[in-house]
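# Examination of the molecular architecture
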Amino acid sequence: MVPLWLQAAFWGFVAGTALLLGAAIGYFTRVPQRLVAGVMAFGSGVLISALSFELMDEAYRRGGFDSTATGFLGGAAVYSAVNWYLARAGARHRKRSGHQQQGGNGLAIAAGSLLDGIPESIVIGLSMLKGGAVSLVAVAAIFLSNIPEGLSSAAGMRKAGRPLGYVAGVWGGIAVISGVASLIGYAVFRHFSVDVVAATTAVAAGAILAMLADTMMPEAFEQAHDLAGLITVVGFLCAFVLSKLGG
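Procedures and definitions
Residues numbered from 1 in each chain as written. Predicted model: local features only at pLDDT ≥ 70, side-chain atom pairs only at ≥ 80, totals over all residues. Heavy atoms only, no water. Patch = residues over 30% accessible without salt bridge, like charges linked within 9 Å, V, L, I, M, F, W, Y side chains within 5 Å. Areas by Shrake-Rupley, 256 points an atom, 1.4 Å probe, with all protein chains shown as cover. Salt bridge = Lys/Arg side-chain N within 4 Å of Asp/Glu carboxyl O. Helix = DSSP H or I, 4+ residues; strand = E, 2+ residues; numbered from the N terminus. Buried < 20%, exposed > 50% of the residue type's maximum accessible area, 1.4 Å probe, protein only. UniProt positions renumbered as here; feature names shortened; annotations may be inferred. Core = buried A, V, L, I, M, F, W, Y, C linked by side-chain atoms within 4.5 Å. Contact = heavy atoms within 4.5 Å. Expected span 1.5 Å × (residues − 1). pLDDT = per-residue confidence, 0-100. Phe/Tyr/Trp six-rings, centres within 6.5 Å; stacked < 30°, edge-to-face > 60°. 1 Å grid on protein atoms, 1.4 Å probe; cavity = no way out; pocket = protein on both sides within 12 Å on 5 of 7 lines; lining within 4 Å. Points joined across faces, edges and corners; volume = space filled by probe spheres on them.

## What about a nonpolar patch on the surface?
Taken together, the side chains of F13, V176, V180, I184, V188, F192 and V196 define a hydrophobic patch exposed on the protein surface, amounting to about 540 Å² of accessible area. Looking at the nonpolar patch element by element, the count peaks at three residues for helix α5 (residues 164-187). Note on placement: I184 falls in helix α5. I184 gets classed as partly exposed once you look at its relative accessible area, which sits at 38%.

Structural data, given as structure tokens:
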């Protein structure tokens, strides 16, 4: 029997490998920017659905309105503050697929990408606190959203002249850290009260929603504004169906 903490790390790493997959596509192929933007819109819809029906609903069931609202607002506030700092340091356009990354600070871009990935990974570990089984819906949703995230950012890194070793190091490192974050989400928080787990789940949801509004959705709407709304809805619907089939 595989220990639950190791299962948590495994599933976090699996979701993180989608970043590598997307980065490889974005770096080695010339994907049209409108297609990249469409994929980003789809991933945004997937994550919006996942945080609505998997995270916020679960946080409310566990801890009620007070823990959920406090965590949700707190997660968004902390993410926004750190993102603001990293943007000033040169990571503002880390998910852009065009030439906006030129002149950006490589370390800040890597730190910003890590900031975006950690809340999602913690969610996977937290999902195992309920019955000892991972939420495959959460894993699938995060995996699907990570592909366009890695694709768009790696395409922008290539256009900015960043070497393959840098790109592979950034996304490979984040994939590994995703596994560690998922492990922490399970191993650490299983010792805490229901209210703390609920608030932490809501923190992750707030951070993810703030990330979508600040980084992924601007890329989607700038390049595919005429279809971005429809594609986002399709992504939302796919994740919604997954959540109901998984339930």
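## Structural notes on the UniProt feature "transmembrane region" (unreviewed entry) in the protein
As annotated by UniProt and renumbered to match this structure, "transmembrane region" (unreviewed entry) occupies residues 6-28, 35-56, 68-87, 122-144, 164-189, 196-215 and 227-245. The annotated region residues 35-56 carries 100% helix and 0% strand content, and the separation between its end C-alpha atoms amounts to 30 Å.

## Structural notes on the nonpolar core
Membership of the largest hydrophobic core comes to 32 residues, with the highest contact counts inside it found for L47, I208 and L212. Taken together, the elements giving at least two residues each to this core come down to α1 (4-28), α2 (33-91), α3 (106-127), α4 (136-159) and α6 (194-223). A per-element tally of this core places α6 first, with 10 residues. Not counting residues up to four positions away in its chain, the partners in contact with I208 are L47, L51, L55, P119, E120 and V123. Counting nine residues, the second largest nonpolar core, distinct from the first, contains Y27, M157, V167 and V170.

## Brief notes about α5
With 24 residues, α5 extends 34 Å from end C-alpha to end C-alpha; this agrees with the ideal 34 Å at 1.5 Å per step. Listed in full, the buried residues belonging to α5 are V167, V170, W171, G172, I174, A175, S178, G179, A181, S182, G185 and Y186.

## Examining the pattern of salt bridges
Counted by the stated rule, this structure contains three salt bridges. Its salt-bridge partner being D57, residue R61 comes within 2.5 Å of it at the nearest N-O pair. In this pair, R61 and D57 are both assigned in helix α2, four residues apart and thus about one turn of the helix distant. Among the residues examined, R61 registers a relative accessible area of 52% and is labelled exposed. Taking the relative accessible area as the measure of exposure, D57 reaches 33% and is therefore partly exposed. Taking the shortest distance from any N to any O, the salt bridge between R62 and E58 comes out at 2.9 Å. Here R62 and its partner E58 are both found in helix α2, four residues apart, which amounts to about one turn of the helix. Note on R62: relative accessible area 22%, which makes it partly exposed.

## Regarding the confidence of the model for the protein
On average, residues of the protein score 82 in pLDDT, and 89% of them reach the 70 mark or higher. When pLDDT is averaged over each helix and strand of the protein, the minimum, 75, is found for α3 and the maximum, 89, for α1.

## What about the packing of aromatic side chains?
One pair of aromatic rings is described through two measures. These are the centre distance and the angle between the planes. One pass over the structure, following the stated rule, counts six aromatic pairs. Geometrically, the ring pair formed by F10 and W11 is edge-to-face, given 5.1 Å between the ring centres and 70° between the ring planes. Here F10 falls in the partly exposed class, since its relative accessible area comes to 47%. Ring geometry for F189 and F192: centres 5.7 Å apart, planes at 40°, overall tilted. Linked through ring pairs, F53, F236 and F240 together constitute an aromatic cluster.

## Here's the deal with empty space enclosed by the protein
Evaluation of the coordinates by the stated rule reveals two cavities of 30 Å³ or more. In this model, the largest cavity occupies a volume close to 60 Å³. Lining the largest cavity are L47, A50, L51, E54, L55, V123, A138, I142 and I208. Contributing elements (two or more residues each) for the lining of the largest cavity: α2 and α4. Sort the elements by how many residues they give to the lining of the largest cavity and α2 lands first, with five residues. As a volume, the second largest cavity reaches approximately 40 Å³. Forming the walls of the second largest cavity are A15, L19, G117, E120, S121, I124, I142, N146 and S178. Where the lining of the second largest cavity is concerned, the elements lending two or more residues are α1, α3 and α4.

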